[in-house]
Amino acid sequence: MPPKNQPVGGQAPVVQRVRLRYAKRGPLRFTSHRDFARAFERALRRAAVPIAFSQGFTPHPKISYASAAPTGVGSEAEYLEIGLQAPVDPEQLRVALDSALSPGLDVLEAVIAGAGSLADRIDASQWRIELPQVDPAVAEKAVAAFLDSSEVLVERMTKQGRRSFDARAAVTRCEVADVPDLPSEAVAVPCAIIDLVVRQVTPAVRPDDVLSGLRVVAGLEPPVPPRVTRLAQGTLTAQGEIVDPLDADRVDVGIGEH
């Protein structure tokens, strides 16, 4: 028997990597990243997933998260990658994990990881910002003032203290969407909806920073809290579109099958 506190040796190697897309919906959008990580590890155990572990005195499951959405923000496009000790069928894995997580934390897709890093395929996000009780025409004027500004300085409290930074430079698209009906769960009329695309920079520019910028340049003050959802994240093309980071993995699978 090994001595007490001796590290677990001979961890099984990673034989397969799987990338997952998952959503945070409804009340579960208030789940913090740390709480989701705990819930996901419990789901791995419940679903009997052959997860691989790191070496050392305190082995950790091989899970890599990519650019998690802020607490309180919904998302249809969160990504992570897991390393496995044994190969699995991706769709069976997706179903098992989805069943083991609470409704609202929904596993939408699983693909076998191809070459390259998942994080390297993410440099922008698309967001939907719903502003109940804000007239779209008022929002359009605020957005125009924001886009016309060469720089929009906002402040945010960070781990290093209060910081001032430019919320304008990272924004590649900001427009009031022309939608004929109310968004899901909206309870007030009118409701302005902003379609926002932001490049990944340091420090990160989040939707609430852009809202702070709209307040700075145009005095836009939503009377009720906005509802924010990440619709997509991935690589930003020259045409302003976002390429799903799992697209390349789907192509790799297709090549291997023929």
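Described in the following lines is the structure provided in the data block. (Residues numbered from 1 in each chain as written. Predicted model: local features only at pLDDT ≥ 70, side-chain atom pairs only at ≥ 80, totals over all residues. Heavy atoms only, no water.)

### Some points on the pattern of salt bridges
Inclusion rule: Whenever Lys or Arg places a side-chain nitrogen within 4 Å of a carboxyl oxygen from Asp or Glu, that contact is recorded as a salt bridge. In DSSP terms, a helix is any run of H or I states spanning at least four residues, a strand is any run of E spanning at least two, and both are numbered starting from the N terminus. Each residue gets one of three labels from its accessible area relative to the maximum for its type: buried under 20%, exposed over 50%, partly exposed in between, using a 1.4 Å probe on protein chains only.
Counting across every chain of the model gives 19 salt bridges. Taking the shortest distance from any N to any O, the salt bridge between R21 and E109 comes out at 3.9 Å. Within this pair, whereas R21 is found in strand β1 (residues 16-24), its partner E109 is found in strand β4 (residues 105-112), the two being separated by 88 residues in sequence. The salt bridge partner of R121 is D249, with a shortest N-O separation of 3.0 Å. One end of the pair, R121, is in the loop between β4 and β5 (124-132); the other, D249, is in helix α5 (residues 247-257), and 128 residues separate them in sequence. You'll find R121 and D249 in the same group, each marked buried. Among the charged side chains, a network of salt bridges with common partners joins R17, R19, E81, R121 and D249.

### Digging into helix α2 (residues 90-100)
Because an α-helix completes one turn every 3.6 residues, residues spaced three or four positions apart along the sequence face the same direction. So the rule is basically this: Note that the arc is defined by the directions from the helix axis to the C-beta atoms. In what follows, residue pairs with any heavy atoms lying within 4.5 Å of each other are defined as contacts.
All buried positions along α2 are accounted for by P90, L93, R94, L97 and A100. Buried residues of α2, viewed axially, fall in a sector of 135°; they line one side. Pointing more than 90 degrees away from the buried face of α2 are the exposed residues Q92 and S99. For α2, the secondary structure elements touched by its buried residues are β1, α1 (33-46), β3 (74-84) and β4.

### Quick word on the pairing of β5
Here is the rule: Whether two strands pair depends on DSSP finding at least two bridges between them.
Burial runs high along β5: eight of the nine residues are buried. Where β5 meets strand β9 (residues 191-199), nine bridges bridge the pair, whose relative direction is antiparallel. Residue pairing across strands places P132 opposite C191, the latter belonging to β9. As paired strands, β5 and strand β10 (residues 227-236) are joined by seven bridges and run antiparallel to one another. From the neighbouring strand, E130 faces β10, where its bridge partner is R227.

### A short note on the environment of A177
Along the polypeptide, A177 turns up in the loop between β8 (171-176) and β9. Residue classification places A177 among the partly exposed residues on the basis of a relative accessible area of 28%. Along the primary structure A177 and P136 are separated by 41 residues, whereas in three dimensions their C-alpha atoms are 8.6 Å apart.

### A few points about helix α4 (residues 207-218)
Formally: To estimate the expected span of a helix, subtract one from its residue number and multiply by 1.5 Å.
Between the first and last C-alpha of α4 there are 16 Å, a value that for twelve residues agrees with the 16 Å anticipated at 1.5 Å per step. Those residues of α4 that fall on the buried side of the exposure criterion are P207, D209, V210, L211, S212, G213 and L214. G219 sits one or two positions beyond α4 and adopts a positive phi of about 70°.

Interpretation in functional terms is not warranted from these geometric data alone.
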